[in-house]
Amino acid sequence: MPDISNFDPNSVGLKSNNIFGLPFTEEEAQLVLLPVPWEVTVSYRPGAARGPEKIFHAAMQVDLYDPDVVDGWKKGFYMLPIDKNIRTKSDYLRQCAELLITNISEGGNVSGNSHLTEKLKEINDGGKMLLDWVYEMTRNLLKEGKKVGLVGGDHSTPLGFIKALGEIHNDFAILQIDAHADLRVAYEDFTYSHASIMYNVLELVPQVTKLVQVGIRDYCDSELDIINQSKGRIHTFFDRDIKAQQYEGATWKEICSQIVAALPQKIYISFDIDGLDPKLCPNTGTPVPGGFEAEQIFYLFRMILGSGKQIIGFDLNEVSSGDHIGEGIDAITGARVLFKLCNLMVAE
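This text gives an overview of the structure that appears in the document. Keep in mind the model is a prediction, meaning the values are calculated, not measured.

Further remarks concern unusual backbone geometry. Trans peptide bonds make up most of the peptide bonds, and negative phi angles are found at most residues other than glycine. The omega torsion across G152 and G153 is 20°, close enough to zero to call that bond cis. As for its placement among the helices and strands, G153 is situated in the loop between strand 3 (147–152) and helix 4 (159–166). One non-glycine residue, F20, adopts positive backbone phi at about 65°. Although it is not a glycine, A186 adopts a positive phi angle of roughly 45°. Along the polypeptide, A186 turns up in the loop between strand 4 (172–177) and helix 5 (197–204). A relative accessible area of 28% means that A186 is categorised as partly exposed.

Here is the structure:
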């Protein structure tokens, strides 16, 4: 264990330290965070690629006491440096994607345009490159015995991580906190679209035996067909149905019990920040009215911990640095959600 006898957890977060102002190195930390500054296929508003760095800075304002996992930070959290090559690649391919999205939205035909067809291939090749990079980075960390979390970026970013976990765990669920179902097939012709992440997971990672979605309130007919035809592999708690239960007298505890009961022993959490009420993430790429207070989701997490089930990994994504609505509190919300997820990972 590292010597933290000279570290004051009640003091201001020092920028010379790492995430949350903690004094751990990568070698000392039990939990390592991989930032993925990528937002190539976002379909509405950009900003998520700068999410990891904005969260890092906001994390200096997070107090280290968590009543759910007291002194969890002492296990050591460390965020790897942001890979500038990945960010630069994202910026370039994002410009290419905007050309295609504009063409499609205006009724154009990409397949009949050789220039756009070439750009589409470049974007999809870039998505495969990112998948492989995330897979290698997280697989190596897992081999070293580290607990791992991923900080996006858009929601396409964790596919490689989930694939790496599938080599260690042969039966686990994804708990998806989200406004969107993310079950579209190659949305806007992008194979690795942010709107296709869960479809791709179910296609590429057979070890994911259950997908439990919570808060979904924006989806299309084809996604609903996939849910209904999944033979129970997908269990969706739609926001509308959750609210209806509450209006009719059900407590949040009762609803959380239903969610926990739908989960197997091993759980991966995929937390899209737009699963929360948009007032908490006004600059996220595709905000949708409805959603949760952060404490509602934290209560669900407490019930998962109390059930004795195991959290094997997580991602936090779609936290935007955009200034579409002034400064907002996106990074502040993201930093506090991240701290909760980190503590969950090291809870015993």
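Having seen the structure, we can now continue with the description.
Right, let's get into the nonpolar core. The tendency in soluble globular proteins is for nonpolar side chains to be buried as a group. Residues F20, F77, L175, I269, F271, F301 and L338 are the most contacted members of the largest nonpolar core, which totals 112 residues. Excluding anything up to four places from it in sequence, F77 contacts N18, I19, F20, L22, F24, A29, L31, G72, F339, C342, N343 and V346.

Quick look at the packing of helix 9 (residues 294–306) against helix 10 (residues 330–346) now. Axes are the key here: two packed helices are described by the angle between their axes and the distance separating the axes. Remark: helix 9 packs on helix 10, axes separated minimally by 11 Å, with the N-to-C direction vectors making an angle of 0°. In terms of orientation, helix 9 and helix 10 fall into the roughly parallel class. Counting all contacts with helix 9, which are made through F298, F301 and L305, the residues of helix 10 involved are R336, V337, K340, L341 and L344. Residues of the contact of helix 9 with helix 10, tallied by class, amount to 6 nonpolar, no polar and 2 charged.

What follows concerns helix 4. Residues separated by three or four positions in an α-helix point in the same direction, a consequence of the helix having 3.6 residues per turn. Counting buried residues along helix 4, 7 of its 8 residues qualify, which places the element largely inside the surrounding structure. Buried residues of helix 4: L159, G160, F161, I162, A164, L165 and G166, and no others.

Right, let's get into the sheet that holds strand 7 (residues 266–272). One open sheet holds the 8 strands; their spatial order is 2-1-3-8-7-4-5-6, and the pairing between them is parallel. Since the sheet does not close on itself, it has two edges, and those belong to strand 2 (77–79) and strand 6 (234–238), each with one partner. Ignoring which end each strand starts from, the neighbouring axes of this sheet average 20° apart. Summarising the sheet, strand 5 (residues 208–216) and strand 6 pair through 5 bridges and their orientation is parallel. In the strand pairing of strand 6, V214 is matched with F237.

What follows is about the pairing of strand 8 (residues 310–317). Where burial is concerned, most of strand 8 is hidden: 7 out of the 8 residues are buried. As judged from the 3 bridges shared by strand 3 and strand 8, these two strands associate in the parallel manner. Within strand 8, the position partnered with V151 by the bridge is L316. Sheet topology places strand 7 next to strand 8; 7 bridges connect them, and they run parallel. Its bridge partner lying in strand 8, K266 is registered against Q310. Crossover handedness for the path strand 7 to helix 9 to strand 8: right-handed.

Enumeration according to the criterion identifies 9 aromatic pairs in this entry. With a centroid separation of 4.9 Å and 40° between ring planes, the pair formed by Y219 and F238 is classed as tilted. With Y219 in the loop between strand 5 and helix 6 (221–228) and F238 in strand 6, this pair connects stretches of sequence that are 19 residues apart. Residue class for F238 comes out buried when judged on its relative accessible area of 12%. A connected cluster of aromatic rings, assembled from ring pairs, spans F20, F77 and F339. For the cation-ring pair, K163 lies above Y135, with the distance from its terminal atom to the ring centre recorded as 4.7 Å. Cation over ring: K243 sits above F292, and NZ or CZ is 5.5 Å from the ring centre.

Turning to the environment of K54, a few remarks are in order. For K54, the location among the structural elements is in helix 1 (residues 51–58). Looking at K54, the relative accessible area reads 40%, which means it is partly exposed. Along the chain, K54 and S320 lie 266 residues apart, while their C-alpha atoms are 8.2 Å from each other. Apart from the residues within four sequence positions on either side, K54 is in contact with S321 and A331.

Below, the discussion takes up the pattern of salt bridges. What the rule picks out here adds up to 16 salt bridges. Measuring nitrogen to oxygen at the nearest pair gives 2.8 Å for the salt bridge that ties E53 to R87. Of this pair, E53 sits in helix 1 while R87 sits in helix 2 (residues 84–105), placing them 34 residues apart in sequence. In this structure E53 comes out as partly exposed when scored by relative accessible area, which is 22%. For R87, a relative accessible area of 18% translates into the label buried. One salt-bridge network, in which partners are shared between bridges, spans D66, D68, E295, R302 and K340.

What counts and how
Position labels on residues start from 1 in each chain and follow its written sequence. Side-chain atom pairs in this predicted model are given and counted only at pLDDT of 80 or more, local residue features only at pLDDT of at least 70, and totals for whole chains, interfaces and linings cover all residues. In computing side-chain properties, one takes all heavy atoms of the structure into account and sets aside hydrogens as well as water. Secondary structure elements are taken from DSSP: a helix is a run of H or I of four residues or more, a strand is a run of E of two residues or more, and numbering for both begins at the N terminus. Categorising residues by exposure relies on relative accessible area from a 1.4 Å probe, with only protein chains included: less than 20% of the type maximum marks a residue as buried, more than 50% marks it as exposed, and the intermediate range marks it as partly exposed. Take the buried residues of types Ala, Val, Leu, Ile, Met, Phe, Trp, Tyr and Cys, join any two whose side-chain atoms come within 4.5 Å, and each joined set is a nonpolar core. Any two residues having at least one pair of non-hydrogen atoms within 4.5 Å are treated as being in contact. All axes are obtained by fitting lines to C-alpha atoms, using only the stretch in contact for helices, and the reported angles, taken between N-to-C directions, cover 0 to 180 degrees. For classification purposes, angles smaller than 35 degrees are called roughly parallel, those larger than 145 roughly antiparallel, those between 65 and 115 roughly perpendicular, and all remaining angles oblique. Three categories are distinguished: nonpolar for Ala, Val, Leu, Ile, Met, Phe, Trp, Tyr, Cys and Pro, charged for Asp, Glu, Lys and Arg, and polar for the others, with Gly belonging to the last. Criterion used throughout: strands pair if DSSP finds at least two bridges between them. Classification remark: right-handed applies to a crossover when, strands pointing away from the viewer, the course from the first strand over the helix to the second runs clockwise. Each Phe, Tyr or Trp ring (for Trp, its six-membered ring) is paired with any other whose centre lies within 6.5 Å, and the angle between the two planes then decides the class: stacked below 30 degrees, edge-to-face above 60, tilted in between. Geometrically, a charge over a ring is one whose NZ (Lys) or CZ (Arg) sits within 6 Å of the ring centre while staying within 35 degrees of the ring normal. Take a side-chain nitrogen of Lys or Arg and a carboxyl oxygen of Asp or Glu: if they are within 4 Å of each other, that pair is a salt bridge.

Read these as geometric descriptors, not functional statements.
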